[in-house]
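# A look at the structure
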Amino acid sequence: MSTEVNTNAAGNSASGENILEIRNLKKYFPIKGGFFGGVTGQVKAVDDVSFSIKKGTTMGLVGESGCGKSTTGRTILRLLEKTEGDIIFNGQDVSTLNKKQLRELRTKMQIIFQDPYSSLSPRLPIGEIIGEAVKEHKLVPDSEYDDYITNIMKECGLQEYHKDRYPHEFSGGQRQRICIARALALKPEFVVCDEPVSALDVSIQAQIINLLKQLQEDRGLTYLFISHDLSVVEHISDTIGVMYLGNLVETGNTEDIFANPLHPYTKALFSAIPMPDPDIKKDRILLQGDIPSPANPPKGCKFHTRCSQCMGKCKEVAPTPKDMGNGHVVCCHLYE
Amino acid sequence: MANENNENKMALDDANRVKVLSPGMMVFKRFIRNKLAIVGIIIIVFMFLFSFVGGLLNPYSQSQVFYTTEQILKDYAGATSIDQYQIQQVDGVKLPSDIFSKTLIAASTGKYVFETRDGSLLGLGNVGENVYVIYSLEEVNMLLKKNAAYDAAVAAGENYFTDDDGLTYLFQDEGAAFPTVYAASEMGVAAMKSFTPYDSSEKFSYEFYRGALVASANGEKSFQADGTTYTVDEDVILKDGAEYALISDVNFNAANSGVFISPAYKDAALDAIAAGQTTFMFPDEDGTEIEYRIENKNGQYTFRRYQETRVIDTYAHPSKDHWVGTDANGMDLLARLMYGGRISLLIGFVVIFIEVFIGMIIGGVAGFFGGWVDNLLMRIVDVVYCIPTMPLYLILGSIMDYYQASATTRIYMLCVIMAVIGWVGIARIVRGQILSLREQEFMVAAEATGISTYRRIFKHLIPNVVPQLIVFASMGLGDVILAEATLSFLGLGIKYPAASWGSIINAVNDSYVMSNYLFVWLPAGLFILLTVLAFNFIGDGLRDAFDPKMKR
């Protein structure tokens, strides 16, 4: 199954155009402090990130907690205002849209959240949660509204009688289906999945992942799949981006990256993937120390404080992205 | 068909088996399982029925004053023995004003001839014991030797005589060689007696007075006046055998004007006094025997009796007519409790409504927009929070006193003042709640799905704030009712005649009332206690019911 999708996606990526292009995206959060509440510093949550996603493919964005994955996702949707850079969606710069255009964009780009418990308003019935935005944007005529919602719900594995129920009556997996239904009801082209399965147990995770893949096939969706769970990302993604402290350190096709991780951080990350076979001897790379504060990132390569192959150059000069062929881009002095 | 059957059949894990409950219904279900909250609800429902329906059913209004008739020992009449001469004048004669004192002096000294202030010469003829005829005198030169009338008069101890021509003469220094003689013309009669007619419309003529006085003074059994013969029976004068007038040397005065003291009463009273009794019975107009008490103070007699008097029914104990009794103003306490309950509950709800309204808008705006708006509004909240409430209430209370605000105005003002001070707590709660809700993922999701700001506020934010608001408001209701009671107790809130539970309790200012008339203040105090307690129970119950951590 996985290979099938991948070949499909590979075909797509060869022929399809980019649905989303991110160029030098930066998102800094100001730190306010001092007596007069002035800006005393900045948290560089996303610091100069560039990548692109081809239509109908899935890009996995991985990295440890706090590396700026979610911020990237939300900035793309303009739920957060970017500090710098371009977000080009379908050839249109998202950041220049006015309110009215942004409203139209909302139907094209959607997001699925990590926590299915807090992402549903507890005081609205499911039918309304899913259909609210459909009505708001008048996507379907009133006469077809009920059928439309029912169909979406069925597609997402929900029953029609769930419509009148309230979120508290559902399990986590069902809630996540509701969230997916809410996002898909707007007929989006691009969906940011912000760790959609990390709050669910493994069996439910598989259901949701398969649902997402099914929906992608049916509707030709493009996903930006944010996760820290590498096995999930491997399963669903066509391309992968590895983030560390606001930087994209390595991007490439899933197979390439899993077969041949280049960046020391990627290597360390992949060495942490648990293997179901106890006979396989693992060379686990243990990273020393904590992730540095994004408010005060290290000079040069941001990873040099924890890198086992750190050179003198790494401490002074920030590396530039280098294409190693087949779209496999790495950002490390080792490959220069 | 079979398929349909299959669908209708329910499996154990079929979600259809579970009844769909909206969050509101779940809250309700949890709420009614809370025993204390149900007790609270029952109390509040009772208070509402009592105040609003009871007030309609109760026949009395809150400011209706009740009267009662009471037997009170009241003065009926006073009596004094006559120590001054009562003078009856001949028709058409006017005696000088100092005649009373002159008569008294003349009678006591025996110098029967005297001159009054206006220079007229007057004399007294002693027609009987303490009965004198007043004459106007003119000195004449007359020799009285061998005058039979004179001799007879001297022999009888009188100082006057009538000659053959019917002219009357008064003389002085009888027995002397040459007594002074005056030609006398009758001006009136003086005696220490009072006359009471048996028929109160009767007017006595001068001739009657004179005849009666002379007759009674000399112990005669009958006399003639105006051509009628009257018989004298001790103090009573009979005309044609019927009681006509009473003579007594005691003067009676009715305590109330318009009361005619009958001679029979006087007779009975005099008899009692003479017999040394302290009480006597006498029938009233209806023939009922009434006891009169005689009190003697320096020769002044007072006759007192128990009389039915209409008085304000103050501090009446609970009875069939007034189930909770009456207060200091004779108003029905049950009615006042009912109307007072209306005010107390109404003020509570109105104030909370205004507080929630202001607090929700200010807190909501501050929480939703944040930034400098939040900062500004929260500083205003801080300032209002710092206002010392009691002094403010005192000032406003005295201002309202100064302008003599009506009872209704006071109620409105009280509501406004309490609400204007009380909204800050709600504003803070709403702001905090909205700040935390704003960061919830469902709000981000709503934004991501392009839902309008208006809908985000009213469909997503407000419904999630409402539970906390309801809890806070139901708890706050108790506080407001307490505050109102405190203010009314201090005399700053609701004022007489309008009632509130607080103002009813105000009666305990009087320690006598506090210890002796429990029924005046205890019910109102109990009602305040129960109501506040009930609102707190309900608030607790609602809080538990809204708490999502409490599973059903």
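Details of the structure are given in the entry above.
The secondary structure content of chain B amounts to 16 helices and 17 strands. Counting the 552 residues in chain B, one finds 44% classified as buried. A sequence separation of at least 24 residues applies to 63% of the contacts in chain B between residues at least 6 apart. Of the roughly 29,200 Å² of accessible surface on chain B, a fraction of 56% belongs to carbon and sulfur atoms.

Further remarks concern the packing of helix H12 (residues 441–448) of chain B against helix H13 (residues 453–489) of chain B. Residue and element names in this part refer to chain B. Taken N-terminus to C-terminus, the directions of H12 and H13 make an angle of 175°; their axes are 11 Å apart at the nearest point. As the angle between them shows, H12 and H13 are arranged roughly antiparallel. In this structure, H12 contributes Phe442, Met443, Ala446 and Glu447 to the contact, and H13 contributes Arg456, His460, Leu461 and Asn464. The class makeup of the residues in the contact of H12 with H13 is four nonpolar, two polar and two charged.

Moving on: unusual backbone geometry. Residue and element names in this part refer to chain A. The backbone of Asn24 sits at a positive phi, close to 50°, despite the residue not being glycine. Its place among the elements puts Asn24 in strand S1 (residues 18–33). By relative accessible area, Asn24 is classed as partly exposed at 40%. In this structure, Glu195 takes a positive phi of about 45° despite not being glycine. Mapped onto the elements of the fold, Glu195 is located in the loop between strand S7 (190–194) and helix H7 (202–219).

Looking now at the sheet that holds strand S1 (residues 67–81) of chain B. Residue and element names in this part refer to chain B. Pairing is antiparallel across the open sheet formed by five strands, whose spatial order is S14-S1-S17-S16-S15. Of all the strands in the sheet, just strand S14 (250–254) and strand S15 (279–283) have a single pairing partner and so form its edges. Across the sheet, the mean angle from the axis of one strand to that of its neighbour is 35°, orientation sign disregarded. Direction of pairing for strand S16 (residues 289–297) relative to strand S17 (residues 300–312): antiparallel, over a ladder of six bridges. Of the residues in S17, the one forming a bridge with Glu295 is Thr302.

Residues and elements named next belong to chain B. With their axes 8 Å apart at the nearest point, helix H2 (residues 23–32) and helix H16 (residues 518–546) run at an angle of 130° to one another. Overall, the two elements H2 and H16 adopt an arrangement that is oblique. Like other packed secondary-structure pairs, H2 and H16 cross with a definite hand, here right-handed. Here Val27, Arg30 and Phe31 of H2 come into contact with H16, specifically with Ile538, Gly541, Leu542, Asp544, Ala545 and Phe546. Taken together, the residues that form the contact of H2 with H16 break down as six nonpolar, one polar and two charged.

With that out of the way, let us pick up the environment of Asp151 of chain B. When you line up the elements, Asp151 of chain B lands in helix H5 (residues 148–156). Residues Asp151 of chain B and Phe161 of chain B, spaced ten residues apart in sequence, show a C-alpha to C-alpha distance of 9.0 Å.

It is worth spelling out the packing of aromatic side chains at this point. Residue and element names in this part refer to chain B. Per the counting criterion, the structure on display carries 40 aromatic pairs over all chains. Ring geometry for Phe195 versus Tyr209: centroids 4.9 Å apart, planes at 80°, classification edge-to-face. Separated by 14 residues along the polypeptide, Phe195 in strand S9 (residues 194–197) and Tyr209 in helix H6 (residues 206–218) bring together distant segments of the chain. Just as Phe195 is buried, Tyr209 falls in that class too. Residues Phe280 and Phe303 carry aromatic rings whose centres are separated by 5.9 Å and whose planes lie at 85° to one another, so their mutual orientation is edge-to-face. Within this pair, whereas Phe280 is found in strand S15, its partner Phe303 is found in strand S17, the two being separated by 23 residues in sequence.

What follows covers the pairing of strand S12 (residues 236–239) of chain B. A regular strand places its side chains on the two faces of the sheet in alternate fashion. Residue and element names in this part refer to chain B. Sheet topology note: the strand S11 (residues 228–233)/S12 ladder contains four bridges and is antiparallel. Counted as the bridge partner of Thr231 is Leu238 from S12. Across four bridges, the pairing between S12 and strand S13 (residues 242–248) is antiparallel. Following the sheet pairing, Leu238 is matched in S13 by Glu243. Connecting the antiparallel pair S12 and S13 is a turn made up of two residues, with Asp240 showing a positive phi of about 55°.

This part takes up the pattern of salt bridges. Here the structure, examined in full by the defined rule, presents 26 salt bridges over all chains. Between Lys69 of chain A and Glu195 of chain A there is a salt bridge, and its shortest N-O distance comes to 3.9 Å. In this pair, Lys69 of chain A is assigned in helix H2 (residues 69–76) and Glu195 of chain A in the loop between S7 and H7, connecting sequence segments 126 residues apart. The burial state of Lys69 of chain A is the same as that of Glu195 of chain A; both residues are buried. Residue Asp374 of chain B is joined to Arg431 of chain B by a salt bridge in which the shortest nitrogen-to-oxygen separation is 2.5 Å. With Asp374 of chain B in helix H9 (residues 371–386) and Arg431 of chain B in helix H11 (residues 407–438), this pair connects stretches of sequence that are 57 residues apart. Given a relative accessible area of 10%, Asp374 of chain B falls into the buried group. Looking at Arg431 of chain B, the relative accessible area reads 22%, which means it is partly exposed.

Our focus in this paragraph is helix H4 (residues 99–109) of chain B. All names here are of chain B. Those residues of H4 that fall on the buried side of the exposure criterion are Ile99, Thr103, Ala106 and Ala107. Taken end-on, H4 shows its buried residues confined to a sector of 95°, consistent with a single buried face. Among the exposed residues of H4, those oriented more than 90 degrees off its buried face are Ile105 and Ser108. Looking at the packing, one finds that the buried side of H4 touches strand S2 (86–89), strand S3 (113–115), strand S4 (121–128), strand S5 (131–140) and strand S8 (180–191). Gly110 lies just past H4 and shows a positive phi near 85°.

This next bit is on helix H10 (residues 389–402) of chain B. Residues and elements named next belong to chain B. Compared with the 20 Å implied by 1.5 Å per residue over 14 residues, the 20 Å span of H10 between its first and last C-alpha is a close match. For H10, every residue scored as buried is listed here: Tyr393, Gly397 and Met400. Projected onto a plane normal to the axis of H10, the buried residues spread over an arc of 65° and lie on a single side. At its buried positions, H10 is contacted by H11 and H13. Backbone geometry just downstream of H10 places Gln404 in the positive-phi region, at approximately 50°.

Cut-off values and rules
- Residues numbered from 1 in each chain as written.
- Chains lettered and ligands numbered in written order.
- Predicted model: local features only at pLDDT ≥ 70, side-chain atom pairs only at ≥ 80, totals over all residues.
- Heavy atoms only, no water.
- Helix = DSSP H or I, 4+ residues; strand = E, 2+ residues; numbered from the N terminus.
- Buried < 20%, exposed > 50% of the residue type's maximum accessible area, 1.4 Å probe, protein only.
- Contact = heavy atoms within 4.5 Å.
- Areas by Shrake-Rupley, 256 points an atom, 1.4 Å probe, with all protein chains shown as cover.
- Axes fitted to C-alpha atoms, helices over the stretch in contact; angles between N-to-C directions.
- Parallel < 35°, antiparallel > 145°, perpendicular 65-115°, else oblique.
- Nonpolar A, V, L, I, M, F, W, Y, C, P; charged D, E, K, R; others polar.
- Pairing = 2+ DSSP bridges.
- Left-handed = near helix turned anticlockwise from the far one by under 90°.
- Phe/Tyr/Trp six-rings, centres within 6.5 Å; stacked < 30°, edge-to-face > 60°.
- Salt bridge = Lys/Arg side-chain N within 4 Å of Asp/Glu carboxyl O.
- Arc of directions from axis to C-beta.
- Expected span 1.5 Å × (residues − 1).

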